[in-house]
There are 2 protein chains.
Amino acid sequence: MVFSTIHSSIQLSIHIMLKVPDHQVAGHQARNGQLGPLIDDSGRFYKPLQDDDRGSKEVAFYSSFSSNTRVPDHIRRLFPVFHGTQLLEASDGSGLRPHLVLEDVVSTRSHPSVMDIKIGSRTWYPEASEDYIQRCFKKDRETSSLSLGFRISGLQIYGNEESGFWKPERKLVQNLSAADVRVVLKKFVSSDLPVDPNSDPDCAFAASVYGGSTGILAQLLELKAWFEDQTMYHLNSCSVLLVYEKEKLLKGERSDAEVKLIDFAHVTEGKGIIDHNFLGGLCSLIKFISEILTSPDECTTKACLRDSEKDKEILTSPDECTTKVCLQDSDKNTNHSENGTIEGM
Amino acid sequence: MVFSTIHSSIQLSIHIMLKVPDHQVAGHQARNGQLGPLIDDSGRFYKPLQDDDRGSKEVAFYSSFSSNTRVPDHIRRLFPVFHGTQLLEASDGSGLRPHLVLEDVVSTRSHPSVMDIKIGSRTWYPEASEDYIQRCFKKDRETSSLSLGFRISGLQIYGNEESGFWKPERKLVQNLSAADVRVVLKKFVSSDLPVDPNSDPDCAFAASVYGGSTGILAQLLELKAWFEDQTMYHLNSCSVLLVYEKEKLLKGERSDAEVKLIDFAHVTEGKGIIDHNFLGGLCSLIKFISEILTSPDECTTKACLRDSEKDKEILTSPDECTTKVCLQDSDKNTNHSENGTIEGM
């Protein structure tokens, strides 16, 4: 442990070194004297354990997972490294509290674009309390979880040195329509700063961030293959983080896009059954991302049309992209969904 | 239409020709003057439309699906052929009622083994009424739908000429544990008549029914690949039927194992989103079936041990199969799940 080399009181030293994370997009935050995670300069992330059983559940998960030899290496690297637990001064000033010591997944990045996506159409699970089940049931129906199989819990997208980050209100992003989610996933990999909600994402970095043999889609597909097989864990209410550094791409460097799974306070044992709820939601997310990759022309076309059409644009679905090119003169905004309407429905 | 060649009153002729299906394992049944589907001798299945919107929804689905040129042939053959609708005397004597005219998927079989598996951990959907949602929510939690991602709605397994069929009470099969479902799926492809609930399935026909390039697993995997991509339909509360003829296998003939999707009264439009609920449940079923295929030794070993161990056996998981071989002397029945226990949970 790095702290054992420090001379004076270990707790005091740690206290001085810790700070509030800059790039947290979801979850409890340590700002304004509240309880939340802290980071240090050596790439570690300190997550306070909740008083209820969520804290001990998350420790139990990390303990089990980190020593589980049946987790293949290519899957293990999609999870934060676990460094045990440690007693630290809590960020809310309430005194010493046990913290999970984890890898800080954005520590090596200066301006990371980050998206936190909670996977699963259902965030509750049979073993939970009836009160918890009912609250989750309500929230899953109110957000996009039920319809899409996931919900965006938070995000920040880096524009450039001048514009900085776009970090919309979390409540705004949790119940986006399918069309809006497509736009957000496109904005995430676009070169233009997505401050204007009506701007057209150019998807300039879709191929390098989402695509390729080491891109986000490839990592999600590896995860999917594992979930089709593993029956050890059910990751209820868990998120995937999508992270990359736009500056590297702007400089022409190779993408460092990463998928990381986080938030394991509600993990239950799989008991020989696959996590069909997580897997279904993951497949839905994969479909959204692969559609962006398989329709690059639509994005490029839109990028060309941006200046002339900018004022007319609303959040659009990829199908509308193509349609729009044909319809730009007549200015129709009809929603062309993929499917033929089911007669009589 | 076959009926246009009949001289006398069409309705009367139809009435005489129709009969109650022999091999229906789930759903409403036409026996005892109740409303239910009927069949004829030419391989057609007549399903009465419900008075509420379920009937018209199912017609709408079949109309849309049968004319949808974007459904590939290898997927279309997993659905019953649709021959339109027809006014017929209802089986409950209530007079003329519109019926869906469908392919009778077991008409060419004399002693079909049939399993009806309702797919999805959730059988309700956002567009349904609050009352319907609450009833489904309750039933999904009471049956195995929530835990397994599917529930067995009914089944019949053919033994041999002497023993006939094993057709357990539907209520008994809807809430089986994972271990029990494994046993039922093994019994389904075993040579011995599964009358005795404690008997060990020998899985004699697992490779020919579940396995191979045209077996049930291959068909389910084709279906899975389509569900990973198609965003036209959400098949809420829909079942897959697994069907084969054991007599053919006993005679050494090639398996005619088939997967058919049925029950589309609750289909909704996909609106550009994959059916993550169906897909997750389907993946769970696939995992159960592939485990039977990848552990044939356990079945065979158990088959050898059957006579000596028969009296001790209970419904066992595949992991227990192996374990039991080692433990037979000490007669331990501890449940060895696949996963290491999550510490502290």
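Everything below is about the structure printed above this text.
Criteria and cut-off values
Residues numbered from 1 in each chain as written. Chains lettered and ligands numbered in written order. Predicted model: local features only at pLDDT ≥ 70, side-chain atom pairs only at ≥ 80, totals over all residues. Heavy atoms only, no water. Helix = DSSP H or I, 4+ residues; strand = E, 2+ residues; numbered from the N terminus. Buried < 20%, exposed > 50% of the residue type's maximum accessible area, 1.4 Å probe, protein only. Contact = heavy atoms within 4.5 Å. Areas by Shrake-Rupley, 256 points an atom, 1.4 Å probe, with all protein chains shown as cover. Phe/Tyr/Trp six-rings, centres within 6.5 Å; stacked < 30°, edge-to-face > 60°. Lys NZ or Arg CZ within 6 Å of the ring centre and 35° of its normal. Least-squares fit on C-alpha atoms with pLDDT ≥ 70 in both. Pairing = 2+ DSSP bridges. Axes fitted to C-alpha atoms, helices over the stretch in contact; angles between N-to-C directions. Buried area = accessible area lost by both parts, 1.4 Å probe. Salt bridge = Lys/Arg side-chain N within 4 Å of Asp/Glu carboxyl O. Nonpolar A, V, L, I, M, F, W, Y, C, P; charged D, E, K, R; others polar. Core = buried A, V, L, I, M, F, W, Y, C linked by side-chain atoms within 4.5 Å. 1 Å grid on protein atoms, 1.4 Å probe; cavity = no way out; pocket = protein on both sides within 12 Å on 5 of 7 lines; lining within 4 Å. Points joined across faces, edges and corners; volume = space filled by probe spheres on them. Polar contact = N/O pair within 3.5 Å; in protein donor to acceptor, adjacent residues only side chain to side chain. Expected span 1.5 Å × (residues − 1). Arc of directions from axis to C-beta.

A. Expanded view of the overall build of chain A. When its secondary structure is counted, chain A shows 13 helices and eleven strands. Counting every position in chain A, which comprises 345 residues, the buried fraction comes to 59%. The contacts of chain A with a sequence gap of at least 6 include a subset with a gap of at least 24, amounting to 65%. For chain A, the accessible surface area stands at approximately 14,600 Å², while carbon and sulfur atoms represent 51% of it.

B. Focus on the packing of aromatic side chains. By the definition in use, this model includes 37 aromatic pairs over all chains. Centroid distance Phe61 of chain B to Tyr62 of chain B: 5.7 Å. Interplanar angle 65°. Geometry classified as edge-to-face. By relative accessible area, Phe61 of chain B is classed as buried at 0%. Taking the relative accessible area as the measure of exposure, Tyr62 of chain B reaches 2% and is therefore buried. The structure contains a cluster of three or more aromatic residues connected by ring pairs, namely Phe61, Tyr62, Phe65, Phe79, Phe82, Trp226, Phe227, Tyr233, Phe264 and Phe278 of chain A. It is Arg76 of chain A that lies over the ring of Phe65 of chain A; its NZ or CZ is 5.3 Å from the centre.

C. Highlighting the relation of the copies chain B and chain A. Rotating chain B by 180° and translating it 0.0 Å along the rotation axis places it on chain A, where the RMSD comes to 0.0 Å. In the structure described here, the two chain copies are related by an operation that fits a two-fold rotation axis. The position closest to the rotation axis in chain B is occupied by the C-alpha of Gly280 of chain B, lying 2.2 Å away. When the interface residues of chain B are mapped onto chain A, 100% of them again lie at the interface, so the same face is used by both copies.

D. Broad picture of the sheet that holds strand E9 (residues 239–245) of chain A. All names here are of chain A. If you trace the five strands from one edge of the open sheet to the other, you get E7-E6-E5-E9-E10, paired in antiparallel fashion. Pairing within the sheet leaves two strands with one partner each, and these edge strands are strand E7 (165–166) and strand E10 (258–262). Taken together, the seven bridges between strand E5 (residues 112–119) and E9 define a ladder with antiparallel strand orientation. Bridging from a neighbouring strand, Ile117 pairs with Val240 of E9. Packed on one face of the sheet, helix H9 (residues 216–227) meets E9 and E10 and runs near 40° to E10. Together, E5, strand E6 (150–158), E9 and E10 form the strand contacts of helix H11 (residues 276–294), whose direction differs from that of E5 by roughly 140°.

E. Seen up close, the interface of chain B and chain A. Facing 51 residues of chain B, the contacting portion of chain A comprises 52 residues. When the two sides are added together, the surface that chain B and chain A hide from each other amounts to roughly 4,200 Å², 58% of it contributed by carbon and sulfur. The interface formed by chain B and chain A holds six salt bridges in total. Note that Glu130 of chain A is salt-bridged to Arg141 of chain B, the shortest N-O span being 3.0 Å. Those elements that place two or more of their residues in the side of chain B that touches chain A are helix H2 (53–66), helix H4 (130–142), helix H5 (145–148), helix H7 (178–187), strand E11 (267–269) and helix H11 (276–294) of chain B. If you tally residues by element for the side of chain B that touches chain A, the top one is H11 of chain B, at eight residues. Looking at the side of chain B that touches chain A, its residues break down into 19 nonpolar, 18 polar and 14 charged.

F. Main features of the environment of Glu142 of chain A. Residue and element names in this part refer to chain A. Within the fold, Glu142 resides in helix H4 (residues 130–142). By relative accessible area, Glu142 is classed as partly exposed at 42%. For Glu142 and Asn175, which are 33 residues apart along the polypeptide, the C-alpha to C-alpha distance reads 7.0 Å.

G. Region of the structure containing the nonpolar core. One finds Leu235 of chain A together with Leu235 of chain B to be the most contacted residues of the largest nonpolar core, which totals 132 residues. Apart from the residues within four sequence positions on either side, Leu235 of chain B is in contact with Phe61, Phe79, Phe227, Leu261, Phe264, Val267, Asp275 and Phe278 of chain B. Ile133 and Cys136 of chain A together with Trp124 and Ala128 of chain B belong to the second largest nonpolar core, which has 16 residues in total.

H. Structural context of empty space enclosed by the protein. Following the criterion strictly, the structure yields ten cavities of 30 Å³ or more and no others. There is about 150 Å³ of room inside the largest cavity. Every residue lining the largest cavity is counted, 16 residues in all, and those nearest its centre are Ser121, Arg122 and Trp124 of chain A together with Arg122 and Trp124 of chain B. Secondary structure elements with two or more residues in the lining of the largest cavity: H4 of chain A together with H4 of chain B. Each residue belonging to the lining of the largest cavity can be placed in one class, and the counts come to six nonpolar, four polar and six charged.

I. Focus on the environment of Leu242 of chain B. Its location among the elements puts Leu242 of chain B in strand E9 (residues 239–245). Once the C-alpha coordinates of Leu242 of chain B and Phe188 of chain B are considered, the two residues, 54 residues apart in sequence, prove to be 9.5 Å apart.

J. Molecular detail of the sheet that holds E9 of chain B. Residue and element names in this part refer to chain B. The strand order across the open sheet built from five strands is E7-E6-E5-E9-E10, with neighbouring strands paired in antiparallel fashion. Each end of this open sheet is capped by a strand with a single partner; those strands are strand E7 (165–166) and strand E10 (258–262). Sheet topology note: the strand E5 (residues 112–119)/strand E6 (residues 150–158) ladder contains six bridges and is antiparallel. Each residue of the ladder has a partner; that of Asp116, found in E6, is Gly154.

K. The side chain of Asn277 of chain A, seen in detail. Mapped onto the elements, Asn277 of chain A comes out in helix H11. In terms of polar contacts, Asn277 of chain A uses its side chain to reach the backbone amide nitrogen of Ser121 of chain A, at 3.3 Å.

L. Molecular detail of H4 of chain B. Residues and elements named next belong to chain B. Here H4 spans 18 Å end to end across 13 residues, near enough to the 18 Å set by a 1.5 Å rise per residue. Every buried residue of H4 is accounted for by Tyr132, Ile133, Cys136, Phe137 and Asp140. What you see down the axis of H4 is that its buried residues fit within an arc of 135°, all on one side. The exposed set on the far side of H4, more than 90 degrees from its buried face, consists of Asp131, Arg135 and Lys138.

M. Up close: the pairing of E6 of chain A. Residue and element names in this part refer to chain A. For E6, the tally of buried residues reaches nine of nine residues, placing the bulk of the element in the interior. Summarising the sheet, E6 and E7 pair through two bridges and their orientation is antiparallel. Among the inter-strand pairings, Ile157 is bridged to a residue of E7, identified as Trp166.

N. Structural view of the pattern of salt bridges. All names here are of chain A. One pass over the full model with this rule turns up 41 salt bridges over all chains. Measuring nitrogen to oxygen at the nearest pair gives 3.4 Å for the salt bridge that ties Arg97 to Asp51. Remark: Asp51 occurs in the loop between strand E2 (44–48) and helix H2 (53–66) and Arg97 occurs in strand E4 (residues 96–103); sequence separation between them is 46 residues. You can call Asp51 exposed: its relative accessible area is 72%. The salt bridge involving Lys224 is made with Glu228; its shortest N-O contact spans 3.2 Å. On the basis of relative accessibility, which here comes to 12%, the residue Lys224 falls in the buried class. Glu228 sits in the partly exposed class, given a relative accessible area of 22%.

Purely geometric stuff here, so don't read any function into it on its own.
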